[in-house]
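Residue-level structure breakdown
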Amino acid sequence: MMRFDRAAPGEGMIIYSRVENGKAYLEFQFFLKENRGQADTAEVAMEMENYFAHICVYDMLCRLVLEIIYPLKEEELAKGMLLHPHVWRGVSDSYLYHVEVQLIDKRKGELPVDVLERSFPLCSFQEIPGKGYFLNDEGFSLQAVLFHPLIQPKEAVSEQENQEIAKQEYLQKALQLLKDMGANTICVTEPVWEEEMFKVCDEMGLVVWYGRPDKDIPVVSELLAVQNTLPTEKYYYYKACWSSEPFVYILNNSLKRQENGNYSLTVYSNQKKVALYAEGVLFEFQMSAPEFVFQEIPAKKYPLQLTVEAGECSVSVTFYDF
């Protein structure tokens, strides 16, 4: 009996899509295996004469928008088209369609012998030399992070099921932090966690890029502490450069005592103006986003209480003498 080969690329199914002129063109490629372990033999080819795939595509309201009855003996890929599709626009609109594919053995009636399900985006992404990057024919500013495949979840678990859970939790947390930072593209250089990466990135609206488009793009290990997935100071620098969500951040390690006894402090923010208060008294305004460096901050005693305000955002820190 035939089954979908979940060890094959795409876990048994690859979906190719092209969006242009208000239409989405879809192609589905399936990978099958015979229960007895045979593959690419004349016997298997003859066996496939008895099977067809029933493909149903649904929108996010669970409405059927495309149906294909595809004989698996066909040499060409299964093809379909959607008019006026709801395209995936990245972090601003991560709309996904859902496909269910039933593998039917004509000799056994209409009940499926195997089923594949997956959510997928409809979009077009391209680079036009001299013009830049485009997502669905709209200009796309690449804010990319290299997701290094050597980073592993903290838990050193032995059971495969627990490893998968730990991996999924790590991916969800790390990628959500990168999205919150303002990243819109995740770069991978090796096919590690490939399927999981695609699923989570599609849901979050993150473009997946194979390779490294720019040697100067940050690496996730520079932005997130590997063991506990906490943001580093460099994370907040890129957030100040990329994120549209107002925020302000004090670099605790930047507090330095100057020769005259006053202090200097560095602050990151994506707001145009930041105000620093020392002991509740306004010290200085600066307009130098994303990095604000305050000098000659007076401090007569410890603990030293500093507050920064940027728009509607504010944060306070109390420094003790160690």
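Located above this text is the structure these notes cover.
Note that this is a predicted model, so its numbers are computed, not measured.

Definitions and limits used
- Residues numbered from 1 in each chain as written.
- Predicted model: local features only at pLDDT ≥ 70, side-chain atom pairs only at ≥ 80, totals over all residues.
- Heavy atoms only, no water.
- Buried < 20%, exposed > 50% of the residue type's maximum accessible area, 1.4 Å probe, protein only.
- Helix = DSSP H or I, 4+ residues; strand = E, 2+ residues; numbered from the N terminus.
- Pairing = 2+ DSSP bridges.
- Axes fitted to C-alpha atoms, helices over the stretch in contact; angles between N-to-C directions.
- Contact = heavy atoms within 4.5 Å.
- 1 Å grid on protein atoms, 1.4 Å probe; cavity = no way out; pocket = protein on both sides within 12 Å on 5 of 7 lines; lining within 4 Å.
- Points joined across faces, edges and corners; volume = space filled by probe spheres on them.
- Nonpolar A, V, L, I, M, F, W, Y, C, P; charged D, E, K, R; others polar.

Our next topic: the pairing of strand S22 (residues 304–310). Here S22 shows one buried face, formed by Leu 304, Leu 306, Val 308 and Ala 310, and one open face, formed by Gln 305, Thr 307 and Glu 309. As paired strands, strand S19 (residues 274–278) and S22 are joined by four bridges and run antiparallel to one another. The residue of S22 that forms the bridge with Leu 276 is Val 308. Summarising the sheet, S22 and strand S23 (residues 313–319) pair through seven bridges and their orientation is antiparallel. Bridging across to S23, Val 308 finds its partner in Val 315.

Another aspect to go through is the pairing of strand S18 (residues 263–269). Counting buried positions over the seven residues of S18 gives seven, a clear majority of the element. Because side chains alternate across S18, one face comprises the buried residues Tyr 263, Leu 265, Val 267 and Ser 269, and the other comprises Ser 264, Thr 266 and Tyr 268, equally buried. As paired elements, strand S16 (residues 248–250) and S18 share three bridges and run antiparallel to each other. Paired with Ile 250 across the two strands is Val 267, which belongs to S18. Pairing of strand S17 (residues 256–257) with S18 involves two bridges; the strand directions are antiparallel. For Lys 256, the partnering residue across the bridge sits in S18 and is Ser 264. Where S17 hands over to S18, the hairpin turn is made up of five residues, of which Gly 261 adopts a positive phi near 95 degrees. Inspection of the sheet shows S18 paired to strand S21 (residues 291–297) by five bridges, in the antiparallel sense.

Another aspect to go through is the sheet that holds S22. Strand order in the open sheet formed by four strands is S20-S19-S22-S23, and the pairing between neighbours is antiparallel. Two strands in the sheet have a free side with no partner beyond their single neighbour: strand S20 (281–286) and S23. With strand direction ignored, the average angle separating the axes of adjacent strands in the sheet is 20 degrees. Direction of pairing for S19 relative to S20: antiparallel, over a ladder of five bridges. By the bridge assignment, Tyr 277 is partnered in S20 with Leu 282.

Within the fold, Ala 310 resides in strand S22. With a relative accessible area of 0%, Ala 310 lands in the buried category. Here the alpha-carbon distance between Ala 310 and Glu 47, two residues 263 residues apart in the chain, equals 68 Å. Every residue in contact with Ala 310, bar those within four places of it in the chain, is listed here: Val 248, Ser 269, Gln 271, Lys 273 and Val 274.

So, about the layout of surface pockets. With a probe scaled to a water molecule rolled over the atoms, the places where space remains empty come into view. In this structure, the largest pocket encloses a volume near 950 Å³. In terms of lining, the largest pocket is formed by 28 residues, of which the most central are Ile 15, Ser 17, Pro 121, Phe 198 and Asp 202. The set of elements that each furnish at least two residues to the lining of the largest pocket consists of strand S2 (13–20), strand S9 (112–120), helix H3 (194–204) and strand S15 (207–210). Per-element tally for the lining of the largest pocket: the top contributor is H3, with six residues. Residues that form the lining of the largest pocket fall into these classes: 18 nonpolar, four polar and six charged.

With that settled, the discussion passes to the environment of Pro 213. Relative to the elements of secondary structure, Pro 213 occurs in the loop between S15 and helix H4 (220–223). A relative accessible area of 30% places Pro 213 in the partly exposed class. For Pro 213 and Cys 187, which are 26 residues apart along the polypeptide, the C-alpha to C-alpha distance reads 8.3 Å. Leaving out residues up to four positions away in the same chain, Pro 213 has contacts with Tyr 133, Leu 142 and Cys 187.

Spatial strand order, S6-S5-S8-S9: four strands in an open sheet with antiparallel pairing. Because the sheet does not close on itself, it has two edges, and the strands there are strand S6 (64–71) and S9. Put simply, the sheet's adjacent strands are angled 15 degrees from each other on average, direction ignored. By the bridge criterion, eight bridges tie strand S5 (residues 51–58) to strand S8 (residues 97–105) in an arrangement that is antiparallel. Within the sheet, the bridge partner assigned to Tyr 51 lies in S8 and is Asp 105.

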